[in-house]
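# Coordinate analysis (summary)
Here is what each chain is made of, one letter per residue.
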Amino acid sequence: MPTAERVELAIGGMTCASCAARVERKLNKVDGVTATVNYATEKAQVSYPSALSVDDLTAVVAAAGYSAKLPEPEAPDETPALRKRLLLSVVLTVPLVVLAMVPAWQADPWLMLALAAPVVTWGAWPFHRAAAVNLRHVTATMDTLISLGVVASVSWSLYAILAGMPEHGLYFEVAAAITTFILAGRYFEARSKRRAGAALRALMDLGAKDVTVLRAGEEHQAPIEALRVGDVFVARPGEKIATDGVVTEGGSAVDTSMLTGESVPVEVGPGDAVTGATLNVGGRLFVRATRVGGDTRLAQLARLVEAAQNGKAEVQRLADRVSAVFVPAVVFAALATLVVWLATGGAAEAAFTAAVAVLIIACPCALGLATPTALLVGTGRGAQLGILIKGPEVLEHTRRVDTVVLDKTGTVTTGRMTLVEGDGEVLRLAGAVEAASEHPIGRAIAEAAKQRFGALPAVTGFRNSPGVGVTGVIDGRTVSVGRAGGAGIAVSWDGEVRGTLTVADTIKPTSARAVAELRALGLTPVLLTGDNADAARKTAAEAGIDEVVAEVLPEGKVDVVKRLQAEGRVVAMVGDGVNDAAALAQADLGLAMGTGADAAIEASDLTLVRDDLRVAADAIRLARRTLSTIKGNLFWAFAYNVAALPLAALGLLDPMIAAAAMACSSAFVVSNSLRLRRFH
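The chain appears in an unreviewed UniProt entry as Cation-transporting P-type ATPase B from Amycolatopsis iheyensis. The heading Catalytic activity (unreviewed entry) in the UniProt record of the chain holds the text "ATP + H2O = ADP + phosphate + H(+)". Taken from UniProt, the Subcellular location (unreviewed entry) comment for the chain reads in full: "Cell membrane".

Structure representation (structure tokens):
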């Protein structure tokens, strides 16, 4: 049996989800090829026999009317070109519509033509080009109908001018408005898709860019790409550890929360393993590199996010799904109208008028507005409430979500170490010694002592023993502060333990209320963390969460989400760290706290700008309301088309009235969307 090869191809020229379906069908028709095409990412995952080459696959895609190539490191941004077309179209369409609304100003039809011409040619060029490709391959999409509607409106208007019958109706503003509205939708869609691919870039940006390598006993600055397995490099206090390795010399505390979710920094010394992209918050370390480049844990996390994103079901907008039947039906109806009128002895002018009315009344202006207007208003209101919705495709799962997985550190809890138990002389002396330490636990103790006692006594002979603790002399007494197990800190002087202090990552004051609100939405909360089981259960009890999964590594977080999905649950995930990024991408709905890591934010579907878990409940409510508005808009837009098409075909609907009706349907869609501004 031939060996199967795998390749990822960047697909160009797709304008709607039906295009992705066509490319997928063409590829899957080739013997031995299995392909999945994702319209959102504009990529195809292809498995093919070794007898074929990548050139063979790109030729198949080209034969379907699209382009295919190996992905570039940074895909070109198409939004600036779309923005130029949109801005020019808006500038020219607004005065054109104003002229059309005032009959006394319509005396110069050539002025209206001059305003409309750049919009219906250059502005609408993407639709005309796609329609031409569809025509060559005997297919049709929404672009076909848009192009036909624009061309028909302009053609009728030119005929009316040249025939000296402008009173029969000019539809330049209709053609320009169609172009402008659809361009607006495409622009916001392109911008949303551009952001969707930023998760992997954000992940890889976390790594160090330069490294101090030890060669022949001397330190040399080098780019991270020059580092090789076996090289010894230096990690100074405050620097990111360059790559995965083993400590050969020195001792320090390493903040691993970005990758593991563990809130307490890890003490490391000779022989201990460290992970690239974690932060050295203590002393100077010498590390021998054990994994570099694509083998590091950070790179593995990036691959997890990519796999989770590619594994999501492809979401197709309702308008695109229906277009497979709707568009050809409308074109056929317009042609049939023309033929029937002529065959039954109708005048050529009346036949053409009825056919144009069919195209105009069916032109998807309201359909093009249905999603972007609701999304714009919904996202605008969301931004006021601290909620960022990335695009319409993320809304579809919100209605069915029944389980919400909550990361502990930084989401349910503050993500900062705080003194929760301890006072008196023990706290005062421990705070004085720890004031000279840069360890996060030490800083928490020192801060609490300063708040309680103000000025702290002077310390002499301060000494830091990595992994053990700190000591110092205060008023002739040697005070030692060190780990006593878990989050307990032992304080002793004169060789005798005098008391203990407890530090912990405390729950946010709003978390319990937030969990109650999520339950009220019908969601079952699950606490997921890399912390130890005891700390996790305590946090869960305070927040009102019954189900807890603790001591989970990033790879395990993805597995937990997959397990819940395998049980038939529709899962929302709320997190803020890099360790949550892959799980956020795997979840049916990912919500990232805006105060967290960029990688988590980019991998999520909804971003919660405010550091308040209650916003998660608001986000789900707003997303559900926005989705309902979009579906309502699409229903009425289609209902308008279905009801008006027979009237147009029978000649009972003048093209001018058809244009007015189309404008009314668009106005309804916009006004319905504007109701989202009142969301609370």
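## Digging into a positive patch on the surface
A cluster of basic side chains, namely R625, R675, R677 and R678, defines a positive patch on the protein surface. In this fold, R675 is placed in the segment after α23 (655-674). Classification of R675 by relative accessible area gives partly exposed; the value is 47%.

## Re the pairing of strand β5 (residues 210-215)
In summary, the side chains of a regular strand alternate between the two faces of the sheet. Pairing analysis gives 6 bridges linking β5 to strand β6 (residues 218-223), with the strands arranged antiparallel. Note on β6: the bridge partner recorded for T212 is Q221. Count of turn residues in the β5/β6 antiparallel hairpin: 2 residues, of which A216 carries a positive phi of about 55°. Two elements, β5 and strand β7 (residues 232-235), share 3 bridges in a ladder whose sense is antiparallel. By the bridge assignment for β7, V213 is matched with F233.

## Some words on the pairing of strand β9 (residues 252-255)
Where β9 meets strand β10 (residues 266-268), 3 bridges bridge the pair, whose relative direction is antiparallel. Following the sheet pairing, S252 is matched in β10 by V268. Where β9 and strand β12 (residues 279-280) come together, 2 bridges link them in antiparallel fashion. Residue pairing across strands places V254 opposite N280, the latter belonging to β12.

## With respect to the UniProt feature "transmembrane region" (unreviewed entry) in the chain
The UniProt record annotates "transmembrane region" (unreviewed entry) at residues 86-104, 110-128, 140-162, 168-188, 322-344, 350-377, 634-650 and 656-674. What you have in residues 110-128 is 95% helix and 0% strand, and the ends, taken at the C-alpha atoms, are 23 Å apart. What you have in residues 634-650 is 94% helix and 0% strand, and the ends, taken at the C-alpha atoms, are 25 Å apart.

Cut-offs used in this document
Residues numbered from 1 in each chain as written. Predicted model: local features only at pLDDT ≥ 70, side-chain atom pairs only at ≥ 80, totals over all residues. Heavy atoms only, no water. UniProt positions renumbered as here; feature names shortened; annotations may be inferred. Patch = residues over 30% accessible without salt bridge, like charges linked within 9 Å, V, L, I, M, F, W, Y side chains within 5 Å. Areas by Shrake-Rupley, 256 points an atom, 1.4 Å probe, with all protein chains shown as cover. Salt bridge = Lys/Arg side-chain N within 4 Å of Asp/Glu carboxyl O. Lys, Arg positive; Asp, Glu negative; His and termini not counted. Charge placed at Lys NZ, Arg CZ, Asp CG, Glu CD. Helix = DSSP H or I, 4+ residues; strand = E, 2+ residues; numbered from the N terminus. Buried < 20%, exposed > 50% of the residue type's maximum accessible area, 1.4 Å probe, protein only. Pairing = 2+ DSSP bridges.

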